[in-house]
Amino acid sequence: MNILVFGPNGSGKGTQGALLQKKFNLAHIESGAIFREHIGGGSELGKKAKVFIDRGDLVPDEITIPMVLETLKSKGENGWLLDGFPRNTAQARKLWEEIQKTGLKVDYVVEISLPRDIAKNRILGRRLCKNDNNHPNNIHIDAIKPADGKCRICGGELSARSDDLDGRAVDKRHDIYYDAENGTLAAARFFKRLADQGETKYIELDGEGDISAIRDKLLAALG
Ligand code: AMP
């Protein structure tokens, strides 16, 4: 099964994505996480990307598109869940072109919607567990508050992503996400039109609910 997930930073798409990845044994391909691995490993690509990421800008398409398409080819053989890509219409078109070329299908497109102010507050409160980035911890969400400053799942040390603590960078990331002309919402609309033509199935979820309610709705929609 191949799934594409859209949702603003802070909508819980990483958390839902991790649940789906486990349930259906998919490769969880997260463009932001691939960049962070490159940065952590000190690669040339990582050095180039960091400048854009720290500002909250998109990493240029010339770097991002080949990187993600390569990862899809090398890791996505047995099904994938793609998260964080496409983020604009150029990326959406390229992805669709590639999918058609390889004869693959996008079985489902999932869009988790969330008002912008709530998304921002959630990002500023988000904390990452050093043992597993997908352990949900957020100082602004009661249901997933850290336990005594440590990961509520495993007790691991927590930290915040530097691009999450910079309010201006968060605003920029959301400007890109909520841009329905050329940005990520436009990329989502691109796939919604494909769903209208019967090329894929489009699932819309309200990200304001709690994690388990959203997960139940999502699993029911996936049949
Ligand atoms: P994320 O973890 O999805 O919030 O991504 C972190 C940062 O990585 C973003 O703010 C961008 O700078 C960069 N990034 C991730 N995915 C993409 C993409 N599809 N296109 C361009 N830049 C991206």
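Note that the coordinates shown come from a computational prediction; the quantities given were computed from them, not determined experimentally.

## Focus: the pattern of salt bridges
In the structure shown here, the tally under the stated rule is 20 salt bridges. The residue Asp164 makes a salt bridge to Arg126 at a minimum N-O spacing of 2.9 Å. With Asp164 in helix H7 (residues 162-165) and Arg126 in strand E5 (residues 126-129), this residue pair connects regions lying 38 residues apart in the sequence. Of the charged contacts in the structure, one is a salt bridge between Arg161 and Asp163, with a shortest N-O distance of 3.0 Å. Considered together, Arg161 and Asp163 belong to a single accessibility category, that of buried residues. The network of salt bridges with common partners includes Arg126, Arg161, Asp163, Asp164 and Arg173.

## Some words on the sheet that holds strand E7 (residues 158-159)
Taken in spatial order, the three strands of this open sheet run E6-E5-E7, and their pairing is antiparallel. Of all strands in the sheet, those bounded by a partner on one side alone are strand E6 (137-138) and E7. Helix H6 (residues 116-125) contacts E5 and E6 of the sheet and is inclined by roughly 40 degrees relative to E5.

## With respect to helix H1 (residues 13-24)
Here H1 contains twelve residues, and its C-alpha end-to-end distance of 16 Å stays within 8% of the 16 Å for a straight helix at 1.5 Å per residue. All of the buried residues along H1 are Lys13, Gln16, Gly17, Ala18 and Leu20. The inward-facing, buried residues of H1 abut strand E1 (2-6), strand E2 (27-30), strand E3 (80-83), strand E4 (108-113) and helix H10 (211-222). In the segment just after H1, Asn25 is the residue with positive phi, at about 55 degrees.

## Regarding the layout of surface pockets
Here the second largest pocket is characterised by a volume of approximately 260 Å³. Every residue along the wall of the second largest pocket is listed here: Ala27, His28, Ile29, Glu30, Ala33, Ile34, Glu37, Thr71, Lys75, Asn133 and Asn134. Elements supplying a minimum of two residues to the lining of the second largest pocket: E2, helix H2 (31-41) and helix H4 (61-75). Ranked by residues supplied to the lining of the second largest pocket, first place goes to E2 with four residues. Classifying every residue of the lining of the second largest pocket gives four nonpolar, four polar and three charged.

The rules behind these values
- Residues numbered from 1 in each chain as written.
- Predicted model: local features only at pLDDT ≥ 70, side-chain atom pairs only at ≥ 80, totals over all residues.
- Heavy atoms only, no water.
- Salt bridge = Lys/Arg side-chain N within 4 Å of Asp/Glu carboxyl O.
- Helix = DSSP H or I, 4+ residues; strand = E, 2+ residues; numbered from the N terminus.
- Buried < 20%, exposed > 50% of the residue type's maximum accessible area, 1.4 Å probe, protein only.
- Pairing = 2+ DSSP bridges.
- Contact = heavy atoms within 4.5 Å.
- Axes fitted to C-alpha atoms, helices over the stretch in contact; angles between N-to-C directions.
- Expected span 1.5 Å × (residues − 1).
- 1 Å grid on protein atoms, 1.4 Å probe; cavity = no way out; pocket = protein on both sides within 12 Å on 5 of 7 lines; lining within 4 Å.
- Points joined across faces, edges and corners; volume = space filled by probe spheres on them.
- Nonpolar A, V, L, I, M, F, W, Y, C, P; charged D, E, K, R; others polar.

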